[in-house]
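Here's the letter readout for the chains.
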Amino acid sequence: MRGVVATEQETRTQKRTAGNSRNADADRVTIAMVAREAGVSAPTVSKVLNGREAVGPETRRRVQDALISTGYQRRARAETGKVGLVDFVITELDTAWACELLRGAEQEAYRLGASLVLTVTHDRKAQPREWLKTIASRPTDGVVLVVSNTRQVSAETLRPIDTPFVVIDQVGGYDRDVPTIGATNWAGGFAATEHLAELGHRRIGVITGPADVRCSLERLDGYRAALGRAGLPLDESLVRQGDFYAEGGRRAALELLDLPEPPTAIFAGSDQQAAGVYDAAHSRGLRIPDDLSVVGFDDTEVCEWMFPRLTTIRQPLAQMAVLAIRNVLETTHTPGEQPLHLELSTSLVTRDSTAPWTAPARAARRRA
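Scope of this entry: the structure provided in the associated data block.

The rules behind each value
Residues numbered from 1 in each chain as written. Predicted model: local features only at pLDDT ≥ 70, side-chain atom pairs only at ≥ 80, totals over all residues. Heavy atoms only, no water. Helix = DSSP H or I, 4+ residues; strand = E, 2+ residues; numbered from the N terminus. Pairing = 2+ DSSP bridges. Axes fitted to C-alpha atoms, helices over the stretch in contact; angles between N-to-C directions. Parallel < 35°, antiparallel > 145°, perpendicular 65-115°, else oblique. Left-handed = near helix turned anticlockwise from the far one by under 90°. Contact = heavy atoms within 4.5 Å. Phe/Tyr/Trp six-rings, centres within 6.5 Å; stacked < 30°, edge-to-face > 60°. Buried < 20%, exposed > 50% of the residue type's maximum accessible area, 1.4 Å probe, protein only. Lys NZ or Arg CZ within 6 Å of the ring centre and 35° of its normal. Core = buried A, V, L, I, M, F, W, Y, C linked by side-chain atoms within 4.5 Å. Nonpolar A, V, L, I, M, F, W, Y, C, P; charged D, E, K, R; others polar.

1. Thoughts on unusual backbone geometry
So, point 1. At the junction of Ile288 and Pro289, the peptide bond is cis and its omega measures out at 5 degrees in the coordinates.
So, point 2. Cis peptide bonds are those with omega within 30 degrees of zero, and the linkage from Phe307 to Pro308 qualifies with -5 degrees.
So, point 3. One can find Pro308 in the loop between strand E9 (293-298) and strand E10 (311-314).

2. Focus: the pairing of E10
Within a regular beta strand, the side chains point alternately toward one face of the sheet and then the other, so they alternate between its two faces.
So, point 1. Bridge count for E9 against E10 is four bridges, and the pairing is parallel. By the bridge assignment for E10, Asp298 is matched with Arg314.
So, point 2. Pairing between E10 and strand E12 (residues 347-349): three bridges, direction antiparallel. Bridge pairing in E12 places Ile313 opposite Leu348.

3. Details of the packing of helix H6 (residues 96-111) against helix H12 (residues 317-330)
So, point 1. One can describe the packing of H6 onto H12 by two numbers: an axis separation of 7 Å at closest approach and a directional angle of 40 degrees. For the element pair H6 / H12, the angle class is oblique. H6 and H12 meet at a crossing whose hand is right-handed. The residues of H12 that touch H6, namely those facing Trp97, Glu100, Leu101, Arg103, Gly104, Ala105, Glu108, Ala109 and Arg111, are Leu317, Ala318, Ala321, Val322, Ile325, Arg326 and Glu330.

4. Quick word on the packing of aromatic side chains
So, point 1. One pass over the full model with this rule turns up two aromatic pairs.
So, point 2. Their ring planes at 20 degrees and their centres at 5.3 Å tell us that Trp186 and Phe190 sit as a pair that is stacked. You can see Trp186 and its partner Phe190 sitting in helix H8 (residues 185-198), four residues apart, about one turn around the helix.
So, point 3. Relative accessible area serves as the criterion here: at 41%, Trp186 is assigned to the partly exposed category.
So, point 4. Between Phe267 and Phe297, the aromatic rings sit 6.5 Å apart at their centres with planes inclined by 40 degrees, giving tilted as the arrangement. Residue Phe267 is found in strand E8 (residues 265-268), and its partner Phe297 is found in strand E9; the two are separated by 30 residues along the sequence.
So, point 5. The exposure class assigned to Phe267 is buried, which follows from its relative accessible area of 1%.
So, point 6. Positioned over the ring face of Phe297 is Arg219, at 3.7 Å from the centre of the ring.

5. Looking at the nonpolar core
So, point 1. If you look at the biggest cluster of nonpolar residues, it comprises 37 residues, and the most contacted ones within it are Tyr223, Phe267, Val277 and Val294.
So, point 2. Of all the secondary-structure elements, those providing two or more residues to this core are H8, strand E6 (204-208), helix H9 (214-229), helix H10 (246-257), E8, helix H11 (271-283) and E9.
So, point 3. When sequence neighbours within four positions are dropped, the list of residues in contact with Val294 reads Ile266, Ala274, Val277, Tyr278, Ile288, Leu310, Thr311, Ser353 and Thr354.
So, point 4. By size, the runner-up hydrophobic cluster in this structure holds 25 residues, among which are Leu112, Ala114, Ile325 and Leu344.

6. Notes on the packing of H8 against H9
So, point 1. In contact at an axis separation of 7 Å, H8 and H9 are set at 40 degrees when each is read in the N-to-C sense. When the axes of H8 and H9 are compared, the pair comes out oblique. Between H8 and H9 lies a crossing whose hand is right-handed. Facing H8, whose interface residues are Asn185, Trp186, Gly189, Phe190, Thr193 and Glu194, H9 presents Cys215, Glu218, Arg219, Asp221, Gly222, Tyr223, Ala225, Ala226, Leu227 and Arg229.
So, point 2. A breakdown of the residues in the contact of H8 with H9 according to their chemical character gives seven nonpolar, four polar and five charged.

In short, geometric facts, not functional conclusions.
Here's what the structure looks like:
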């Protein structure tokens, strides 16, 4: 009986396999079929699939509905073994800086026909064991990491993932075999300080990020170099360590403004810290930029909504994320090749929070 049962099971399996094979091509949905369902042309369907803008919202909605109702799947994914997913690992989401990165990543993933799987680590000191285990346990086409602790990221640590990965390098100090995309932090710190010196400021304070973060040190080195270029002495009493957050910026700014000879300008190591400087200045009765000029770093969306609008150093956050997604999805990664190390240019964006320094005018306002 066991032999008969086995034979019957094998027969059913063979019939099912043969049926699936015969129907595979017949069941495959084509772009032309989706186009007929949506009442549009095949090129229009292709534009929607590739994330192009030249399609009206109503037409795009009809095509997307047709893609779902017909069960269309891209052949390329089946043929290349891709699953259409990219893991995006980030420390936090509650900052404009993080939102800018995520916006760029999502738009590029969509353009390339993939979706993001978001992991937020929350704890800046957390070990990567849990999120790494989760990512390694399921299919993914690539991993983009934005983490604050370099100990979390090394080629050895990430070996279980066995898929292309790249780090958006906002902290620095990674192994040379870890691919990174970052920005020119030294040049940004130099440009911010040079701008203030050219406006006539001679006492320029700086609020850095954490002391163990390389991008923070690079911005501080740029600050020091610009002072030297302008012939200004380096006064260590004008250097304060922050944490890139608003409250840290506020505390450090209060310390600077309460000095016997306070700065007339402050370079904050992030836009969030600059917001904290604004609050500290207000609490001391100072007006920006009349009494205190302020420069931030990042050029996030909040700069346009601060009053006055914030002069800052722009680092292309969205573009960094775009290139990271493009690298893991489109680049052919050959074993043994040199890993990617890319630095995008920073630039000064002048708005309303900086002005020429005129000491007599400030003294007159204080007496008033």
